[in-house]
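Residue-level structural notes
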Amino acid sequence: GAVVSQHPSRVICKSGTSVKIECRSLDFQATTMFWYRQFPKQSLMLMATSNEGSKATYEQGVEKDKFLINHASLTLSTLTVTSAHPEDSSFYICSARALAGGQTQYFGPGTRLLVL
Amino acid sequence: TQLLKQSPQFLSIQEGENLTVYCNSSSVFSSLQWYRQEPGEGPVLLVTVVTGGEVKKLKRLTFQFGDARKDSSLHITAAQPGDTGLYLCAITSGTYKYIFGTGTRLKVLA
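Below or above, wherever it landed, is the structure these notes cover. (Residues numbered from 1 in each chain as written. Chains lettered and ligands numbered in written order. Predicted model: local features only at pLDDT ≥ 70, side-chain atom pairs only at ≥ 80, totals over all residues. Heavy atoms only, no water.)

1. Remarks on the sheet that holds strand β3 (residues 19-25) of chain B
All names here are of chain B. Pairing in this open sheet of five strands is antiparallel, and the strands run β1-β3-β8-β7-β6 from one edge to the other. Strands at the two margins of the open sheet, each flanked by one partner only, are β1 (4-7) and β6 (55-58). Across the sheet, the mean angle separating the axes of adjacent strands is 15 degrees when strand polarity is ignored. Two elements, β1 and β3, share four bridges in a ladder whose sense is antiparallel. (Pairing = 2+ DSSP bridges. Helix = DSSP H or I, 4+ residues; strand = E, 2+ residues; numbered from the N terminus. Axes fitted to C-alpha atoms, helices over the stretch in contact; angles between N-to-C directions.)

Structure, rendered in structure tokens:
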């Protein structure tokens with residue numbers, strides 16, 4: 001099946017620093033990748049849609065200058081949390097939709113971010 | 001805004017019991033996915049249902065899509081501790097975006 005990886009799996013950083021999270025589709029090309037945030041005991045909330053070679057589309061209430069998304073190739077999207085604060089601590093999950101794969105999204109294992 | 005509500009929110013049962021989880025939408029959707037997520041991991045796709053009234057089975061799991069395509073259910077027979085996790089339904093909105101349900105957290109006690 002389609003495999004999506006994320007790196008790092010967990011990261012701890014100091015308040016005010018920036019953190020980059022990578023999302024890779026390992027065995028397929030992904031025209032679209034999605035970034036979600038999940039707080040403890042809650043469901044997934046879509047943050048942004050990332051299309052290869054174009055600007056990401058952010059959901060309402062998500063600050064584009066704080067959550068920078070780059071989708072440089074058909075297998076890699078990155079999310080950079082800039083000037084992270086404790087309230088940004090969360091579980092960040094990416095998903096990828098295959099180039100010819102219909103509506104199915106394949107999810108990465110997630111990245112746990114803790115901002116001290 | 002389309003809302004996707006799941007019930008119950010939490011469920012704790014003994015091994016061997018049966019259970020049903022519900023997913024209800026405020027409007028019609030074209031397809032629906034069910035996922036299971038374990039702590040610290042990403043969601044794993046269980047099934048996709050497309051046709052109104054459709055029933056799909058995956059071992060002890062039975063998924064049903066409502067005739068009106070506004071609701072779906074997941075029934076687990078003879079639950080096992082390995083079924084413990086967060087069950088999420090999701091529908092596609094607009095340009096392939098998913099809207100996730102509120103989630104049902106299941107705990108199966110041995």
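2. Re the interface of chain A and chain B
Taken together, the contact between chain A and chain B spans 21 residues of the former and 20 residues of the latter. Across the chain A/chain B interface, buried area totals approximately 1600 Å², and carbon plus sulfur atoms make up 55% of it. Three residues stand out in chain A for area buried against chain B, namely A:S43, A:Q103 and A:F107, and they jointly supply 33% of the buried area on that side. Applying the counting criterion to the chain A and chain B interface returns one salt bridge. Linking B:K97 and A:E59 is a salt bridge whose minimum nitrogen-to-oxygen distance equals 3.0 Å. Between chain A and chain B we count six residue pairs in polar contact (both at pLDDT 80 or more) in total. (Contact = heavy atoms within 4.5 Å. Buried area = accessible area lost by both parts, 1.4 Å probe. Salt bridge = Lys/Arg side-chain N within 4 Å of Asp/Glu carboxyl O. Polar contact = N/O pair within 3.5 Å; in protein donor to acceptor, adjacent residues only side chain to side chain.)

3. As for the pairing of strand β1 (residues 4-7) of chain A
All names here are of chain A. What you see with β1 is a clean split: V4 and Q6 sit on the buried side and S5 and H7 on the side with no burial. As paired elements, β1 and strand β3 (residues 19-25) share four bridges and run antiparallel to each other. Paired with V4 across the two strands is S25, which belongs to β3. (Buried < 20%, exposed > 50% of the residue type's maximum accessible area, 1.4 Å probe, protein only.)

4. Considerations on a nonpolar patch on the surface
All names here are of chain A. A grouping of I12, L114 and L116 is seen on the molecular surface, where their side chains present a nonpolar patch of about 320 Å² in accessible area. By the element assignment, L116 lies in the segment after β11 (111-115). With relative accessibility at 60%, the residue L116 sits in the exposed group. (Patch = residues over 30% accessible without salt bridge, like charges linked within 9 Å, V, L, I, M, F, W, Y side chains within 5 Å. Areas by Shrake-Rupley, 256 points an atom, 1.4 Å probe, with all protein chains shown as cover.)

5. Overview of the sheet that holds β3(A)
Residues and elements named next belong to chain A. With antiparallel pairing, the four strands of this open sheet are ordered in space as β1-β3-β8-β7. Unpaired on one side and paired on the other, β1 and β7 (67-73) mark the two borders of the sheet. Shown here is a sheet whose adjacent strand axes are inclined to one another by a mean of 15 degrees, direction ignored.

6. Details of the side chain of B:S72
All names here are of chain B. Structurally, S72 can be placed in strand β8 (residues 71-76). Given a relative accessible area of 2%, S72 falls into the buried group. A polar atom in the side chain of S72 sits 3.0 Å from the side chain of W34. Here the side chain of S72 touches Q64 through a polar contact of 2.7 Å, landing on its backbone oxygen.

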